[in-house]
Amino acid sequence: RHLRPCRTCNIRRPPRCSHCALCDNCVMDFDHHCFWIGNCVGVRNHKSFLLFLFFVVLSSGMLFTLALLDLGAKLDLTLTTRGKSLSEDHRLQALVALGAFGFLMALFAAVLKR
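Trainee: Lay out the overall build of the protein chain in plain terms, naming residues and giving numbers.
Mentor: Summing up its helical and strand segments, the protein chain has 2 helices and 8 strands in all. Starting at the N terminus and walking to the C terminus, you meet the elements of the protein chain as β-β-β-β-β-β-α-β-β-α. The 114 residues of the protein chain split such that 19% are buried. Expressed as a percentage of contacts within the protein chain between residues at least 6 apart in sequence, the contacts between residues at least 24 apart total 21%. Of the roughly 9100 Å² of accessible surface on the protein chain, 62% is carried by carbon and sulfur atoms.

Trainee: Go over the pairing of strand E3 (residues 17-20) with me, naming the residues and quoting the values.
Mentor: A regular strand carries its side chains on alternate faces of the sheet. In terms of strand pairing, E3 meets strand E4 (residues 25-28) through 4 bridges, oriented antiparallel. What sits directly across from cysteine 20, in E4, is asparagine 25.

Trainee: Explain the side chain of arginine 13 to me, using residue names and the numbers behind them.
Mentor: Relative to the elements of secondary structure, arginine 13 occurs in strand E2 (residues 12-13). No salt bridge is formed by the buried arginine 13; the nearest opposite charge belongs to aspartate 24, separated by 10 Å. Excluding residues that lie within four positions of it along the chain, arginine 13 makes contacts with His2, Leu3, Arg4, Pro5, Cys6, Ser18, His19 and Cys26.

Trainee: Give me the lowdown on the packing of aromatic side chains, citing residues and values where you can.
Mentor: Tallied over the entire structure, the rule returns 3 aromatic pairs. By way of ring pairs, the aromatic residues Phe54, Phe55 and Phe101 are connected into one cluster.

Conventions and cut-offs
Residues numbered from 1 in each chain as written. Predicted model: local features only at pLDDT ≥ 70, side-chain atom pairs only at ≥ 80, totals over all residues. Heavy atoms only, no water. Helix = DSSP H or I, 4+ residues; strand = E, 2+ residues; numbered from the N terminus. Buried < 20%, exposed > 50% of the residue type's maximum accessible area, 1.4 Å probe, protein only. Contact = heavy atoms within 4.5 Å. Areas by Shrake-Rupley, 256 points an atom, 1.4 Å probe, with all protein chains shown as cover. Pairing = 2+ DSSP bridges. Lys, Arg positive; Asp, Glu negative; His and termini not counted. Salt bridge = Lys/Arg side-chain N within 4 Å of Asp/Glu carboxyl O. Phe/Tyr/Trp six-rings, centres within 6.5 Å; stacked < 30°, edge-to-face > 60°.

As structure tokens, this is what we get:
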């Protein structure tokens, strides 16, 4: 095997391993250092990073939809779904779903930090 020494941490590292200046670690298949998760993205956490991005996009979409619904209610627009007006119960259900999703995101972030 072709192991070459790392100039910074003085260990023998595999061919596709790079040193991160921010973490001060050698990372296999180093992609980038992500300050949102506070870690380097490499071979061990590509899946977790992609899940993080998926949940960020999903929660942003949910927040945007709820903001539009609330704006429509504030402007007294008649928002309709299948011919029926969007009731207060539906807004409450959407807020509960967003709260549950936020809780799951917090759990996901806590697991990611370990």
